[in-house]
Every structure is written in C-alpha cells, then in structure tokens.
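# What the coordinates show
Listed below are the residues making up each chain.
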Amino acid sequence: MTASVPLIDSHCHLNYEGLIERQDEVLGNAREAGVTGFLNISTRESEWRDVVATAERESDVWATVGIHPHEADRHADLGRQVLRDATDHPRVIGIGESGLDYYYDKSDRTVQRDLFRMHIDVARETGLPLVIHTRDAEDDTVEIIADEMGKGAFPALIHCFTASAEFGRKVLDLGLTISLSGIVTFKNARDLQDFAKDIPSDRLLVETDSPFLAPVPHRGKTCEPAFVRHTAQFVAELRGENASDLAASTSHNFFKLFAKAGAPS
C-alpha cells in the first residue's frame, strides 16, 4: 500500500497521555503515512472540550462526545440534554464511545446499560453514529441494540471488534458497521482473523484506538494513528484484496457512516 492512497483512522484518542504531549508530531507522522482523517474519541464529559478543540484546530480531525462504560458511575446523573447539546458542534460527527464492559466492571452494570440506551436515543434523534465499546457483554449488547432498533433505527458501529463471530453476524444483521484495530494482526487472534475475512466490504472500517493496541510490527509500543496503515495492509492480505482498494473502501465507508464529516470532493 502506497502512502498516496487515502486512509482514515476511525478511532483514536489524540488527547490521551502518550499522544497529547507530541500531538503535532503524531499527526505529522500519520499524514506523511497517507492518513487523511482522524476521528478523535471522547470517553468522559471532562475531556469533551479538549477533544473538540483539537478538531477545531485541525481540519482533518473530527470529534465524538460520549461516556465510556468505565466512566458510567461518574456520569450516572448526566442529563440527556447535556449530551444532545454537545452534538450540535459542527466538528462533532459521532456519539461515544459508549456501551458495556463486563470484563473490568468498573461501573455498575445497570448504570452502564441505562447510559448506553441514553446514547442510543441521542444517536437516533440526531442521526449521528454511535461508537460502541463492548467487552464480555455480548448478550446484553445485542439485546439492547435489537430492542432499541425496534423503537427506531439508528446508525452505529462496533469499534475495536474482538467479539465472537456469532455476535458479529448478529450486529451485522442489525445493520451495524464493524471496525478492526491492531488486535487483528496479533498471532493469537486467529478467530478474529477468520471472522474478518467475512465482514462485508461495505461494512468495514479500520482504526488504531491509539495510544493503545499497536499492530504488528509495532506491538508493545505506544500506538499512533500512522500505524493504521499496518492494520489495513494486514486486513487486505487476510481478505485477499488489493490494499489500495481496501483503503479506498474503508475511507468511503467512513464518510458514508459519518456523513456529517462531509466526504472529500
């Protein structure tokens, strides 16, 4: 894959420790590698302002607003209107990340589920895609998505997909998009690699989740958005596709899903 082929990092945390200290350098590295867009993800209300400010300053960076399930207990009283109002900013193109995490259980599960449904409600109203985090919570995640879809469709994706193929097929049937991170390049990710081959090409995104989960050959290092190219290259080879075509299709999928970003002419 040549650096001239545009590629989008659909999920990164540019304001997190490890990247924020050298944000200009990190963005420069990625642009030099051919990354032409970055979705800067928020996880708690206190960081919304800074995450959005980065998107205001950088024309190829967009932002989300939302509450990560780890932060649910601290935001149990967050009013729906607070989240809804934050989505009005022109650089905010998505909601999240939100969802369920029963692996770490850092927040009460009932509070996680309630906040997840609130995020879905705002996604439905605004039409902005919901970026979903789920770990060890497949049954409840699918149940809530299906139940809420029954109340009215909403756009959404599962970010950093690591779940079972059965879960993957269920969320695809519900109309969601799936994003793959550097985890797919790990040697012990055989089940994920097998499922990645079967994701419809029009429902696939790639991401870094930087500064976490650096792909091979950078595993163990601080992850940067530039590394999304390694993940895309790996996924293309895995699927038997031309790497440039995969870069083009995932970029197209990003702008189709996150329509508020406005596709480049």
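Read on for an overview of the structure.

The end-to-end C-alpha distance of helix 9 (residues 243-257), which contains 15 residues, comes to 21 Å, matching closely the 21 Å that a straight helix rising 1.5 Å per residue would cover. A side-chain oxygen of the first residue of helix 9 lies 2.8 Å from the backbone nitrogen of serine 244; this N-cap is asparagine 242.

Let us look at the pairing of strand 2 (residues 35-40). Judged by how many residues are buried, strand 2 sits mostly within the fold: 5 of 6 residues are covered. Sheet topology note: the strand 1 (residues 7-12)/strand 2 ladder contains 4 bridges and is parallel. In the strand pairing of strand 2, isoleucine 8 is matched with glycine 37. With 3 bridges connecting them, strand 2 and strand 3 (residues 61-65) associate as parallel partners. Within the sheet, the bridge partner assigned to phenylalanine 38 lies in strand 3 and is valine 61.

Take arginine 91: it is sitting in the loop between helix 3 (80-86) and strand 4 (92-101). For the buried arginine 91, no salt bridge is present, and the opposite-charge side chain at shortest range is aspartate 60, 6.5 Å distant. Here the side chain of arginine 91 touches serine 59 through a polar contact of 3.1 Å, landing on its backbone oxygen. Setting aside anything within four residues of it in sequence, one finds arginine 91 in contact with Ala55, Glu56, Glu58, Ser59, Asp60, Val61, Trp62 and Ala63.

About the cut-offs
Residues numbered from 1 in each chain as written. Predicted model: local features only at pLDDT ≥ 70, side-chain atom pairs only at ≥ 80, totals over all residues. Heavy atoms only, no water. Helix = DSSP H or I, 4+ residues; strand = E, 2+ residues; numbered from the N terminus. Expected span 1.5 Å × (residues − 1). Polar contact = N/O pair within 3.5 Å; in protein donor to acceptor, adjacent residues only side chain to side chain. Buried < 20%, exposed > 50% of the residue type's maximum accessible area, 1.4 Å probe, protein only. Pairing = 2+ DSSP bridges. Lys, Arg positive; Asp, Glu negative; His and termini not counted. Salt bridge = Lys/Arg side-chain N within 4 Å of Asp/Glu carboxyl O. Contact = heavy atoms within 4.5 Å.

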